[in-house]
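Chain by chain, the residues:
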Amino acid sequence: MTWGDRARGPALLAAFGLAAAVLAGCSGGTSAPHRSLPPFSPTPSDSSSTSGSASVSPTPTVTVPPVGYAPLTGLPLTVAAAVTRPIVAVVVVRAPGVAGAVGLGSSDIVFQEFDRPGRSRLLALFQTYDVRSVGPVADTAPVDIRLLTPMAVPVYAYVSGPTGFIAQARPDVVTPRSAVTSPGLFRSAGGIFTSTSALRASAPNAQPAPAGLFSFDAVPAGKARGARTVSRATITVPGQVAQSWTWTGKAWAGPGGLSRTNLVVQTVVYKLLTPSKGPRVSSADVIGSGASTVLAGNVAVAGQWIRPAPAQVTNYVDSAAIPFSLMPGNSVVLLVPPGTRVTLS
C-alpha cells in the first residue's frame, strides 16, 4: 500500500515480526476509477479547437511524476496535499426494505460486518475521493471504532445508536459526526445520507491520514505459497444471501455494482451484544488472528490475518506465514463468521 516512502514498509512489518501486507484498493485494476477528477488533481486543459480550415497540432501529453502514494490504495498521487488529507469514514446499512447503498464506488476501502441475519453494515473509508451523497447511513457499532483506531482520528459519520456504543466513539479515537449532534451534515431521502465533502469541511483541524497503514511492496500475491489464479468467488455467510464476485479482467464486480481490485475474506469471531436499548446484534472481533482468503487482483491466497493490538494494523500472510502484497487499488474486506464457505473457480 502506501507509506509516503514505500521503502519503509519492511521496517514497519519487522516491528511486528511480520511484514504487513494488507488490503487496499482501487476500482478497475491498477488505475484510479473513472469518475470526476480526484481532489487536488490538476484540471486537464481543454482540447484546442480549429478555426476555419487551419489545422492545430494536438497538445503533447505531459507526465507529472508522483509525489507520493495514497495511504489506502497505494496509487500514485501528483499533488502533495492529496497524500495526507484526512480519512472520512461513513457507516452504511444494507438490509431488505432499506434504500440501496450509494456512493460506495468512490471509497478506498469498504469493510462489511454481518451483524444480524439478512442484514449487514458497511464501513466505507474515503481518502482519495469525495462523494456528494453516501448512505443510507447506519448507527454506530463497536467494530467501527476498532477498525478506525490506527487511522489518526478520522472523521466518522453515523446516525445514532445505543448509549454504550456511542460512548466508544471517543474524540481521541475518531472525530464523531452523528445525525443527532450534527443534523446539518445529513439529509433524509428515504434514508439518511451525507456528503464526505461536508464531513471533511466540518473538521478543518482533522489529522492527516497516517503513513504506514498498509503496504503494497512486499512479495507479490502471485509468489505466495498456494497462490492460484481465479475468476469467480462465491462467499456464503450463514444467515445471509450468498455473494457472487466475478473478475472482469480489471476488477472484482460484486453485489450492488461494487467494483474492487482486492477482495479479502477475513474469518473473525462474533460476539452477541445486548444493548440496554435496541435489538441484540452480533459484533465482529477484529483483534487477534484467524483464517483469511485474499484475492489480490485475480490471484487467490489462503492464509491468516494477524492483528495483535488495537493500535496495530492487520497483516495478511500466506500458509507459510510469509507476507504478500495486494494490487494497488481499492478493496473490500468481508468480516465473516466461522462456518462461512468460500468457493473459488
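> Would you mind going over the pairing of strand β20 (residues 299–307) with me for this structure?
Within a regular beta strand, the side chains point alternately toward one face of the sheet and then the other, so they alternate between its two faces. For β20, a buried count of 7 out of 9 residues is recorded, marking the element as mostly surrounded by other parts of the structure. As judged from the 2 bridges shared by strand β11 (residues 228–229) and β20, these two strands associate in the antiparallel manner. Note on β20: the bridge partner recorded for R228 is A300. Here strand β19 (residues 288–296) hands over to β20 after 2 residues, with G297 in that stretch at a positive phi of 65°. Pairing of β20 with strand β21 (residues 315–318), which is carried by 4 bridges, proceeds in the antiparallel orientation. Bridge pairing in β21 links Q304 to V317.

> Help me understand unusual backbone geometry in this model?
Of all residues except glycine, most have a negative phi; of all peptide bonds, most are trans. A cis amide bond links G135 to the next residue, P136, at an omega of -5°. For P136, the location among the structural elements is in the loop between β5 (119–126) and α3 (142–148). Even without being a glycine, A152 presents a positive backbone phi close to 60°. Phi at A321 takes a positive value of approximately 65°, unusual for a residue other than glycine.

> Quick question: what am I supposed to make of the confidence of the model for the chain here?
Reading predicted coordinates in detail is not appropriate for stretches of low pLDDT. Looking at the chain, pLDDT values average 84 and 81% of them are 70 or higher. Per-residue pLDDT stays below 50 along residues 1–56; that stretch engages in 151 contacts with residues further than four places along the chain or on separate chains.

> Can you walk me through the sheet that holds strand β15 (residues 259–260) in this structure?
In any sheet, the strands associate via hydrogen bonds between backbone groups, in a parallel or an antiparallel arrangement. With respect to topology, 5 strands assemble into an open sheet ordered β15-β14-β13-β12-β24, the strand pairing being antiparallel. Edge strands, defined here as strands with exactly one partner in the open sheet, are β15 and β24 (341–344).

> Would you take a moment to explain the environment of K277 for this structure?
Tracing the sequence through the fold places K277 in the loop between β17 (269–273) and β18 (281–285). Separated by 114 residues in the primary sequence, K277 and T163 place their C-alpha atoms 8.1 Å from one another.

> For this particular structure, what's the right way to read the side chain of T194?
The topology assignment puts T194 in strand β9 (residues 192–194). Setting aside chain neighbours within four positions, we find T194 in contact with V90, R132, S133, V134, V137, L185, F186 and L199.

> Quick question: what am I supposed to make of the environment of A251 here?
Here A251 lies in the loop between β13 (243–247) and β14 (252–253). Separated by 45 residues in sequence, A251 and A296 have C-alpha atoms that sit 9.7 Å apart.

> Could you clarify how one ought to interpret the side chain of R121 in this entry?
Relative to the elements of secondary structure, R121 occurs in strand β5. Looking at R121, the relative accessible area reads 4%, which means it is buried. In terms of polar contacts, R121 uses its side chain to reach the backbone carbonyl oxygen of D139, at 2.9 Å. Beyond its immediate chain neighbours, meaning those up to four positions away, R121 contacts V91, V92, F111, Q112, E113, D115, D139, T140, A141, V143, D144 and Y156.

> What exactly am I supposed to notice about the pairing of strand β4 (residues 109–116) here?
Where burial is concerned, most of β4 is hidden: 7 out of the 8 residues are buried. Here 6 bridges tie β4 to β5, and the two strands are oriented antiparallel to one another. Paired with Q112 across the strands is L122, a residue of β5. From the end of β4 to the start of β5, which pair antiparallel, there are 2 residues, and G118 there has a positive phi angle of about 75°. Here β4 runs beside strand β23 (residues 331–336); their pairing, made up of 5 bridges, is parallel. Bridge pairing links I109 to S331 in β23.

Criteria and thresholds
For every chain, the first residue of its written sequence is number 1, and the numbers climb from 1 along that sequence. With pLDDT at 70 or above as the cut-off, local features in this predicted model cover only qualifying residues; side-chain atom pairs require 80 or more to be listed or tallied, and sums for whole chains, interfaces and linings still use all residues. Water and hydrogen atoms play no part in the side-chain values, which are based on all heavy atoms of the structure. Only protein chains enter the area calculation, which uses a 1.4 Å probe; residues under 20% of their type maximum are buried, those over 50% are exposed, and those in between are partly exposed. Numbering of helices and strands runs from the N terminus; a helix is a DSSP stretch of H or I covering at least four residues, while a strand is a stretch of E covering at least two. We call two strands paired when DSSP finds no fewer than two bridges between them. Values of pLDDT, ranging from 0 to 100, describe the predictor's confidence in every residue of the model. Contact between two residues is taken to exist if any of their heavy atoms lie within 4.5 Å; hydrogens are not considered. For the purposes of these results, a polar contact is taken to be a pair of N or O atoms within 3.5 Å, where, inside protein, one atom must be able to donate a hydrogen and its partner to accept one; residues adjacent in sequence count only when each atom of the pair is a side-chain atom.

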